[in-house]
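The lines below spell out each chain.
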Amino acid sequence: MIIDTIKNSLKAALEALDIFTGVEIQLEHPADLSHGDYACNVAMQLAGEIGTNPRELAKKIVAELEQNLPAEIASVEVAGPGFINFHLSPAFFAQSLQEIVTAGADFGRSDRLGGQKTIFEYTTQNLMKEFHVGHLMSHVIGNAIANIYDSQGAEVRRDSYQGDVGMHIAKVVWAIWKDKDTQEPFPDTADTPQKKAKYLGMKYSFGDKMYAPKDEDLAGFSEGKEKNQEEIEEINKKIYKKSDSEINEFYEKACAWSLESYQSLYDRLGVELDWQFFESETAPVGKAIVEKGLDKGVFEENEGAVIYRGDEEEGLHTRVFINSADIPTYEAKDLGLMQLKHDAYAYDEAVIFTANEQNEYFKVVLAAAREVIPELAEKTTHIGHGMLQLTDGKMSSRTGNVLSAAELLNTVKEKAEAKISERKAGEVKSGTAELIAQAAIRYAILKQDASRNVIFNVEQSLSFEGDSGPYLQYTFARCRSLLAKAGDGGLEPSVELLEAGEATAVERLLYRFPAVAHQAADKYAPHLVATYLHELAKSFNSFYGSTQIISDAAAAGYRLAITEATAQVLENGLKLLGIKAPEKM
């Protein structure tokens, strides 16, 4: 790799100057392409040790380097207070184009994580609630990082964790049970998954309000509040124990409908899960873990419940793991989930994605896990992400006015269809509009650090000219169109250099893709891939605007090689982000 070539050249120069001290040589890409392709601060690192001016030392190192420059390096120069900048040669860029075209879909892939077993949990939600835009955020980020890990050779598995027991479930089942003798029956079994999900969402909203009415709720909801609470809590116990056949019937049908609605969305998003874990499965396992920890003094009894007392000095708060009704809480279930996942797939690393709201919660859960199942806690990483906010802000499932992921997708798809029809006459293919809609949403989420909130603007996300997913898709389609048109005219890509001119900005970005994927995996940072792809697309479109790619000029073949490599890298990078690139737009 070129980075090793540069490091070896630097090491040889330092040894020739008798100043190599075993210092770690670090290289980075300058933010400004005019400053070269790689920069190194080794002179500034060593200057203090040997008592000299860093810029003067950099000049000596450059002079030594210039005596034996590898063919891949065109020139070296000193910059600023002592940086050493490297400019790569046209021959290197021609070779990198060939490598991209030859590797094809494998360009950017690596086996450096080969043998590492990693399981990603990112499609997680409570049954009987709609798959809303917050869940979509988790899916998009988790799926992208899982894809990036896979590209680095890891053995990747994907799972979801469904909340099929708990008070949220009891509230829905209670609301259905209360209506069993009314004229409001279950939806017909032939109804769409979306209609069934809407029904369950309304029942949750009603049950939640009747259990704990708030000031803004209807005044009548407060009547019979205590009776409602008792009934809901009793149903919660029956669901855990499966002790009531009538309640079981309502519960099982509602769970099946909820899963059906999720699966319809998974199919649309292209989600392929290796496992689906359920709270009802993790509850007994987690309870047993907590009870063992109680015997060891990790947990303690408090007012009929079992708690983990967090260390305030470490910024941890106290949480209940088994409540006073002897029912394991979310905390205990998460311990059970860690065990069940390891039983299913003896992972080296388990990565969990949730909203930032759960960051403090997971600090406590993982602290407790380190004391009762340390071997699994050490392998578990929790990553919190921001919220997806629309023009009317964050929407809560308690209001009964949730914007579902399907509704968002449908809205953006409709606007994509309208936008395409404005750009060209003729029928708009639904499949193309769907790909554009998903690209718009996924890229809007992934183009910034995952920990930050996303303010989603539909118009901006669908722009064919800005920092958007459709812009990247359009650039890919433009490349494919150019290659097809050239082929029809008998022109083919060629990496043969006819003249040793300065490399284009496109060439100077293309070869960096494997390093970007590498860094994105190490930092769980898909925005690094998104940012890189935008820079590449922008550079190619500038190249396209200033250069006649298809012509009878001798350089046409090489320009087509740049186009072919750009298309390949865009396709590979978009795939990491979970975005499909249509050939025509």
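Residues numbered from 1 in each chain as written. Predicted model: local features only at pLDDT ≥ 70, side-chain atom pairs only at ≥ 80, totals over all residues. Heavy atoms only, no water.

(A) Spatial organisation of the sheet that holds strand β10 (residues 305-308). Overall, antiparallel pairing links the three strands, which are arranged β9-β10-β11 in an open sheet. One side of each edge strand has no neighbouring strand; the edge strands of this open sheet are β9 (300-302) and β11 (319-322). Here the average twist between neighbouring strands, direction ignored, is 50°. By the bridge criterion, three bridges tie β9 to β10 in an arrangement that is antiparallel. Within the sheet, the bridge partner assigned to Glu 300 lies in β10 and is Ile 307. Contacts between helix α10 (residues 279-295) and the sheet are confined to β9, β10 and β11, with β11 contributing the most and set at about 110° to the helix. (Pairing = 2+ DSSP bridges. Helix = DSSP H or I, 4+ residues; strand = E, 2+ residues; numbered from the N terminus. Axes fitted to C-alpha atoms, helices over the stretch in contact; angles between N-to-C directions. Contact = heavy atoms within 4.5 Å.)

(B) Spatial organisation of the confidence of the model for the protein chain. Confidence in the prediction for the protein chain averages 91 pLDDT; 93% of positions are at 70 or higher. pLDDT under 50 marks residues 393-400. Its contacts with residues more than four places away, or in other chains, come to 19 contacts. (pLDDT = per-residue confidence, 0-100.)

(C) Focus on the packing of aromatic side chains. Enumeration over the complete set of coordinates arrives at 20 aromatic pairs. Within the aromatic cluster, the residues linked to one another by ring pairs are Tyr 38, Phe 92, Phe 93 and Tyr 511. In this structure, Lys 117 is placed above the aromatic ring of Tyr 345, and the distance from its NZ or CZ to the ring centre is 4.7 Å. Just above the ring of Tyr 330 sits the side chain of Lys 333; from NZ or CZ to the centre is 5.4 Å. (Phe/Tyr/Trp six-rings, centres within 6.5 Å; stacked < 30°, edge-to-face > 60°. Lys NZ or Arg CZ within 6 Å of the ring centre and 35° of its normal.)

(D) Main features of the pairing of strand β12 (residues 349-355). Within β12, seven of the seven residues are buried, which leaves it mostly tucked inside the rest of the structure. Direction of pairing for strand β5 (residues 117-121) relative to β12: parallel, over a ladder of four bridges. Paired with Ile 119 across the strands is Ala 350, a residue of β12. (Buried < 20%, exposed > 50% of the residue type's maximum accessible area, 1.4 Å probe, protein only.)

(E) Summary view of the pairing of β5. By the criterion of burial, β5 is predominantly enclosed, with four of the five residues buried. Of the strand pairs in this sheet, β5 and strand β7 (residues 155-163) are connected by five bridges, and their pairing is parallel. Following the sheet pairing, Phe 120 is matched in β7 by Arg 158.

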